[in-house]
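Okay, here's what each chain looks like letter by letter:
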Amino acid sequence: MINITKSYLPPFEEYVKHLEGIWERIQLTNNGPLVLQLEQELKSYLGIEHLHYCGNGTIVLQMAIKALGLTKEIITTPFSYCASTHAILWENCTPVFADVRAEDFTIDPEKIEPLITENTEAILATHVYGNLCQIDAIEALAKKYNLKVIYDGAHSFGVTYKGKSALAYGDISTCSFHATKVFHTVEGGLVVSHDPEVTEKLSLYRSFGHRFDDYIDIGINGKNSEFHAAMGLCTLPKVPELVEARKQRFARYDSQLDLSRLQQPVIQPEIEYNYAYYPIVFESEAKLLEVKTALEQVQINPRRYFFPSLNTLPFLKSTQPCPISEDVALRVLCLPMYPDLEEDVIDQICTIVNKLL
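Presented here is a report on the structure given in the accompanying data block. (Residues numbered from 1 in each chain as written. Predicted model: local features only at pLDDT ≥ 70, side-chain atom pairs only at ≥ 80, totals over all residues. Heavy atoms only, no water.)

Before going further, it helps to examine the sheet that holds strand 7 (residues 164–165). With antiparallel pairing, the three strands of this open sheet are ordered in space as 7-6-12. Taken across any chain shown, the strands that pair with only one partner, and hence form the sheet edges, are strand 7 and strand 12 (271–272). In the sheet, strand 6 (residues 160–161) pairs with strand 7 via two bridges, with the strands oriented antiparallel. When the sheet's bridge partners are listed, Tyr161 is paired in strand 7 with Lys164. (Pairing = 2+ DSSP bridges. Helix = DSSP H or I, 4+ residues; strand = E, 2+ residues; numbered from the N terminus.)

Turning next to the environment of Thr351. Among the structural elements, Thr351 can be located in helix 12 (residues 343–356). Between the C-alpha atoms of Thr351 and Ile2, which are 349 residues apart in sequence, the distance is 16 Å. One polar contact links the side chain of Thr351 to the main-chain carbonyl oxygen of Asp347, over a distance of 2.8 Å. (Polar contact = N/O pair within 3.5 Å; in protein donor to acceptor, adjacent residues only side chain to side chain.)

All right, on to the environment of Arg25 then. Along the polypeptide, Arg25 turns up in helix 1 (residues 12–25). Note on Arg25: relative accessible area 39%, which makes it partly exposed. (Buried < 20%, exposed > 50% of the residue type's maximum accessible area, 1.4 Å probe, protein only.)

Below, the discussion takes up the pairing of strand 8 (residues 172–176). With respect to burial, strand 8 is a largely interior element, five of its five residues being buried. Direction of pairing for strand 5 (residues 148–152) relative to strand 8: parallel, over a ladder of three bridges. Looking across to strand 8, one finds that Tyr151 is bridged to Ser173. For strand 8 and strand 9 (residues 189–193), the ladder comprises five bridges, and the chain directions are antiparallel. Within strand 9, the residue paired with Thr174 across the bridge is Val191.

Before going further, it helps to examine the state of the cysteines. Inspection of the entire model under this criterion finds zero disulfides. Lacking any disulfide linkage, Cys82 is separated from the closest cysteine sulfur, that of Cys334, by 15 Å. Not engaged in a disulfide, the cysteine Cys334 finds its nearest cysteine sulfur in Cys350; these two sulfurs lie 14 Å apart. Residue Cys334 is classed as buried on the basis of its relative accessible area, which comes to 1%. (Disulfide = S-S within 2.5 Å.)

Following this line, the structure appears as structure tokens:
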């Protein structure tokens, strides 16, 4: 079975060395030494001063919304994983959907401005497939209208823009370290803020809002364990070679597919990309389903990602039309992409896709 991704696992003996230390210390969670070490190594790797390693990529979005004191409308993208919209709803805010750019499927700053009202408090934008939003334009809008900016950087670990980590932008940036990501800790997430006061709030929110017997604020369990941190410590040094391996497989797809019949998102200038996914957009949903079925018949599982367009979620009380996102979400398919995906499998996938085009 060839799936959309396959989690990287470090050499078993490397992970076991960390486990031996856990058994000796018998501290399994609550900011143990491996969690603290991973945070320090992430700060160094990303060039970021303040960050918190947390339980997953959704809880950090919820913490971000809470830490910024948001209670009203948040303009967001319909082309994202459901976690971005769910976090807004879970925190009792109202998502307002701005359509995406046709060339790269990231939120369109020109569609954001007309949606800004007296109730708008923030923009929550998603970096799509590791390709970054229009950061400069979004942050100019935020400054003009005094809005907060949260970037959902679930896909963007290892990506840089103008020489800085993608996670260094915005009032708060978040990342997912789920097992499917370029860098993972099995389950995990990251939240970054550059404001010391907000950073302190995030620290409290992650641990139920108290320190020992001092109850300071509300909070939630956003912590992560020593076992997850151990995986991160083993995996982080491998990220450059894992990205390079992804780049090679990305290039193989590019060389074998008939790209004249397919659309791909345009990679933004001035970024160093991480090759997190390989999305292709077909001429119709019918063609996508035909290709998807053909691949599944030979035990290859691509994924409709992102699907559906989030402004069409059935439980939303109100929404906005987003024709570009709605159209792309019906026609986009992500092909298998991971560091040790074999070339003959890529060639098989490309042969099937090209034949059906």
